[in-house]
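Close look at the chain arrangement
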Amino acid sequence: LLAPTESTSGQIPTLAHGRFAAGATGLGILLSAWGVGATAGALGSGFVPPPKRFGWLIVVLCAWFGVGIGAVGLQPSLVPAALLMGFSGIGTGVVNTYAVSWLQRRIDTAMQGRVMSLVMLASMGLTPLAYAASGAIADVNPTLLFLIAGGMMLLCAAGTATSRSVRSLR
């Protein structure tokens, strides 16, 4: 469901090649770190019972992604950026494990295919539009792109934290 945020994944190569001067190897390291984190998050979620207060998990994960993605754009070298990608990946694994099962448990069986197609459209189908927008911002300043993406996620965290209907999700 979630890969490195759609607004930034197209610009990770910009960091790997431009700022870190690490080329394809650096890009592979960054994406692999995210994948290792996502795998660890998914595996860990499989061994831990789902949270009783799912709404608060959403709030925490939005903040987690915001901090992680914003901080990736501030890193001067590859290793700390890769560590932050792994950190963000953990949250991706957790949300993909719990959110999909949470969503499917609450949808009528006859509607699951339709709902999941909308989820996939939102998470993957709109990626080309996000690439176009993020490319325009990255042309101005790649750091700004990551800070905007992280800031948007932190705003989502703040918005969900203030919503009683989200906080009370079970």
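Preceding block: the structure.
Residues numbered from 1 in each chain as written. Predicted model: local features only at pLDDT ≥ 70, side-chain atom pairs only at ≥ 80, totals over all residues. Heavy atoms only, no water.

1. Quick notes on helix 3 (residues 23–47)
Taking 1.5 Å per residue as the helical rise, helix 3 with its 25 residues ought to reach 36 Å, and the 37 Å between its terminal C-alpha atoms agrees with that figure. Considered for burial, the residues of helix 3 that qualify are Gly26, Leu30, Ala33, Trp34, Gly37, Ala38, Gly41 and Ser45. (Helix = DSSP H or I, 4+ residues; strand = E, 2+ residues; numbered from the N terminus. Expected span 1.5 Å × (residues − 1). Buried < 20%, exposed > 50% of the residue type's maximum accessible area, 1.4 Å probe, protein only.)

2. What about a nonpolar patch on the surface?
On the surface, Leu118, Leu121, Leu126 and Leu129 cluster together to form a nonpolar patch covering roughly 410 Å² of accessible area. Summarising the element assignment, leucine 126 is placed in the loop between helix 6 (112–125) and helix 7 (127–140). Its relative accessible area of 41% is what places leucine 126 among the partly exposed residues. (Patch = residues over 30% accessible without salt bridge, like charges linked within 9 Å, V, L, I, M, F, W, Y side chains within 5 Å. Areas by Shrake-Rupley, 256 points an atom, 1.4 Å probe, with all protein chains shown as cover. Salt bridge = Lys/Arg side-chain N within 4 Å of Asp/Glu carboxyl O.)

3. Digging into the state of the cysteines
Per the stated rule, a full pass over the model turns up zero disulfides. With no disulfide of its own, cysteine 156 lies closest to cysteine 62 among cysteine sulfurs, the gap being 5.3 Å. (Disulfide = S-S within 2.5 Å.)

4. A word on the environment of glycine 89
The topology assignment puts glycine 89 in helix 5 (residues 78–105). Judged by relative accessible area, which is 0%, glycine 89 ranks as buried. Residues glycine 89 and glycine 37, 52 residues apart in the sequence, show an inter-C-alpha distance of 4.2 Å. Not counting residues up to four positions away in its chain, the partners in contact with glycine 89 are Trp34, Gly37 and Ala38. (Contact = heavy atoms within 4.5 Å.)

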